[in-house]
Amino acid sequence: MSILTDLTRMWLTRSVHPFRFTQDNDQHLDYRDCDRLGLYVHIPFCRSLCDFCPYCKEVWNRERFDRYIDALLREIHMTGGEKHPVTSLYFGGGTPALAADRLGEIIQALSQHFTITEGIGVELHPCDVTVPVLQTLKAAGVTRISIGIQSFQEKFRDLLGRPPVHPEVLSAALAAVPFQTVSMDFIFALPGQTFEDLRADVEAAFAHGANHIAIYPFIDFTCTASPLPAMEKKKKRVLLDQITAYCSQQNYSRSSVWTFSNDPEAGYSSMTRDTFLGFGCSAVTLLRDQFKINTFDLDAYCRQIDSGRLPTSLTLRFTLRQRMVYWLFWKAYSTRVPEEDFRKFFGVSLRKTYGFELWLAQKLGFATVHNGVYEMTPKGAFYYHYYENFYTLAYIDKMWGVLRQEAFPESLTL
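Everything numeric in this text was worked out from a predicted model, so none of it was measured.

1. Focus on the nonpolar core
In summary, soluble globular proteins display a tendency toward joint burial of nonpolar side chains.
At step 1: Of all hydrophobic cores here, the largest spans 127 residues; its most connected members are F91, I106, M184 and F291.
At step 2: Not counting the four nearest positions on each side in its chain, F291 is found in contact with F21, V284, T285, L286, L314, T315, L316, F318, Y326 and M399.
At step 3: Counting residues in each nonpolar core, the second largest holds 9 residues, with C50, L160, F218 and L228 among its members.

2. Brief notes about the pattern of salt bridges
At step 1: Throughout the structure, instances matching the rule amount to 21 salt bridges.
At step 2: Across the pair D101 and R62 runs a salt bridge, and its minimum N-O distance is 3.1 Å. Remark: R62 occurs in helix 2 (residues 62-79) and D101 occurs in helix 3 (residues 100-111); sequence separation between them is 39 residues.
At step 3: A relative accessible area of 52% means that D101 is categorised as exposed.
At step 4: Three or more residues are tied together by salt bridges with common partners; here these are R62, D66, D70, D101, R102 and E105.

3. A word on the pairing of strand 2 (residues 37-43)
A regular strand carries its side chains on alternate faces of the sheet.
At step 1: Counting buried positions along strand 2 yields 7 of 7 residues, so the element is predominantly enclosed.
At step 2: On strand 2, burial covers both faces: L37, L39, V41 and I43 on one face and G38, Y40 and H42 on the other are all buried.
At step 3: In terms of strand pairing, strand 2 meets strand 14 (residues 275-279) through 5 bridges, oriented parallel. Within strand 14, the residue paired with G38 across the bridge is F276.

4. Section: the sheet that holds strand 18 (residues 336-338)
At step 1: Strand order in the open sheet made by the 3 strands is 18-20-19, with antiparallel pairing throughout. Only two strands of the sheet have a single partner each, and these edge strands are strand 18 and strand 19 (367-370). Across the sheet, the mean angle from the axis of one strand to that of its neighbour is 20 degrees, orientation sign disregarded.
At step 2: Packed onto the sheet, helix 10 (residues 320-332) meets strand 18 and strand 20 (373-376) and runs at close to 130 degrees relative to strand 18.

5. Topic: the pairing of strand 12 (residues 253-256)
At step 1: The pairing of strand 12 with strand 13 (residues 259-261) spans 3 bridges and is classified as antiparallel. Counted as the bridge partner of R254 is F260 from strand 13.
At step 2: The antiparallel hairpin formed by strand 12 and strand 13 contains 2 residues in its connecting segment.

6. A short note on the packing of aromatic side chains
At step 1: Tallied over the entire structure, the rule returns 34 aromatic pairs.
At step 2: Measuring from centroid to centroid gives 6.1 Å for F221 and W400, while their planes differ by 20 degrees, and the two rings are stacked. Of this pair, F221 sits in the loop between strand 11 (212-217) and helix 8 (233-249) while W400 sits in helix 13 (residues 378-405), placing them 179 residues apart in sequence. Judged on exposure class, the residue F221 and its partner W400 are both buried.

7. Brief notes about a nonpolar patch on the surface
At step 1: On the surface, a nonpolar cluster with roughly 360 Å² of combined accessible area is contributed by W11, F356 and W359.
At step 2: Tracing the chain through its elements places W11 in helix 1 (residues 2-13).
At step 3: The class for W11 is partly exposed, based on a relative accessible area of 42%.

8. Let's talk about helix 8
At step 1: Between the first and last C-alpha of helix 8 there are 24 Å, a value that for 17 residues agrees with the 24 Å anticipated at 1.5 Å per step.
At step 2: Those residues of helix 8 not exposed but buried are K236, L239, L240, I243, T244, Y246 and C247. One side of helix 8 holds all its buried residues, which, seen down the axis, span an arc of 160 degrees. Opposite the packed face of helix 8, turned more than 90 degrees from it, sit the exposed residues K234 and Q249.
At step 3: Among the structural elements, strand 10 (181-188), helix 7 (195-207), strand 11, strand 12, strand 13 and helix 13 are those in contact with the buried residues of helix 8.

9. Here we look at the packing of helix 7 against helix 8
At step 1: Two numbers describe how helix 7 lies on helix 8: the axes approach to 10 Å, and their chain directions differ by 40 degrees. For the pair helix 7 and helix 8, the crossing hand works out as right-handed. Taking contact as the criterion, the partners of F195, L198, R199, V202 and E203 in helix 7 are, on helix 8, L239, Q242, I243 and Y246.
At step 2: Here the contact of helix 7 with helix 8 is built from residues that sort into 6 nonpolar, 1 polar and 2 charged.

10. Structural notes on unusual backbone geometry
At step 1: In this model, G93 is joined to G94 through a cis peptide bond whose omega is 20 degrees.
At step 2: Positive phi values are uncommon outside glycine, yet Q150 reaches one of about 70 degrees.
At step 3: Locating Q150 in the fold gives a position in strand 9 (residues 144-150).
At step 4: Judged by relative accessible area, which is 13%, Q150 ranks as buried.
At step 5: In this structure, N251 takes a positive phi of about 65 degrees despite not being glycine.

So, how was this worked out
Residues numbered from 1 in each chain as written. Predicted model: local features only at pLDDT ≥ 70, side-chain atom pairs only at ≥ 80, totals over all residues. Heavy atoms only, no water. Core = buried A, V, L, I, M, F, W, Y, C linked by side-chain atoms within 4.5 Å. Buried < 20%, exposed > 50% of the residue type's maximum accessible area, 1.4 Å probe, protein only. Contact = heavy atoms within 4.5 Å. Salt bridge = Lys/Arg side-chain N within 4 Å of Asp/Glu carboxyl O. Helix = DSSP H or I, 4+ residues; strand = E, 2+ residues; numbered from the N terminus. Pairing = 2+ DSSP bridges. Axes fitted to C-alpha atoms, helices over the stretch in contact; angles between N-to-C directions. Phe/Tyr/Trp six-rings, centres within 6.5 Å; stacked < 30°, edge-to-face > 60°. Patch = residues over 30% accessible without salt bridge, like charges linked within 9 Å, V, L, I, M, F, W, Y side chains within 5 Å. Areas by Shrake-Rupley, 256 points an atom, 1.4 Å probe, with all protein chains shown as cover. Expected span 1.5 Å × (residues − 1). Arc of directions from axis to C-beta. Left-handed = near helix turned anticlockwise from the far one by under 90°. Nonpolar A, V, L, I, M, F, W, Y, C, P; charged D, E, K, R; others polar.

Put into structure tokens, the structure is as follows:
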């Protein structure tokens, strides 16, 4: 696993040097040169903890929650300056809907420093899809919601330790309080899962209020306590190909490797942004020249804010080639890489920089090119997913494992 990712990194960055994160952190973030900046806010609280979930989270406690939100508001004001346009605001977690009564306060604080042009998205647990909660979110300015269904089927909910989901209840609440995008998340490649199982979930989602779905692969993170085994590669590819073909037959628009919609205007993703600012525990910030991640430790986060310092745990200073690779990796998630976007961001030609790799991708059947846009084929989408699994376990899993143990490690080499 590590050999594959290491060789790929060295090939694409044209360097043997690894990604090295240090405590060399900026206390003032220069994001003024970011044309399409996004915003992310992490709410790390849940009613109960799912053992398959790798994200930074803890069980809800009102006192700790209020302390955290107070610190979060101060972090926003410490980072923000004069008004700057941003594309979108995304609340992840945890269970951000638990912060519904203070979400307006957070959005107001961000609005003092940023002008949001493309909407606000919030993740919800199915039990939060009620008319009062949805009304509160909508009144705060939320335009997109993402509901973590995982599966409508009892056999898979039991595997994941998830409570029952009642589609008719969801449907009634969503009809009463409409949003621009209603996305429902599902996990695929669960033990024993078949195409018929996955198709049933997709059909149920669109029948009960969703206009967008995300089908994320199950990944067996070492930093979680989940006992579930990963699905074998060949079965996973068949499953992904089958559900992709089915969505194509239904004329659902594909906006990324794992997302489909029955409404072309219903976009929802937390990943396809060139640059973004992250606020809260474990939140990531990606700028033109650096990648930084906040501490995972809630108490350390609050103490750092109280001391007047940003809660950055580690920072990576990109070389130019490292930044190009990172940009291409996440741009490819959308299944489309426009040459002009690369030129605008880096000021150089994509073909001149990675001509051989692009030619090879076409020869191997991973991509086609039309009018300067490289588009991923179904074969390419599977292998992207397959490599992303290696990347996740070799880089993200290792980083999160370290940050769960140390609030501010001295360094980390990947």
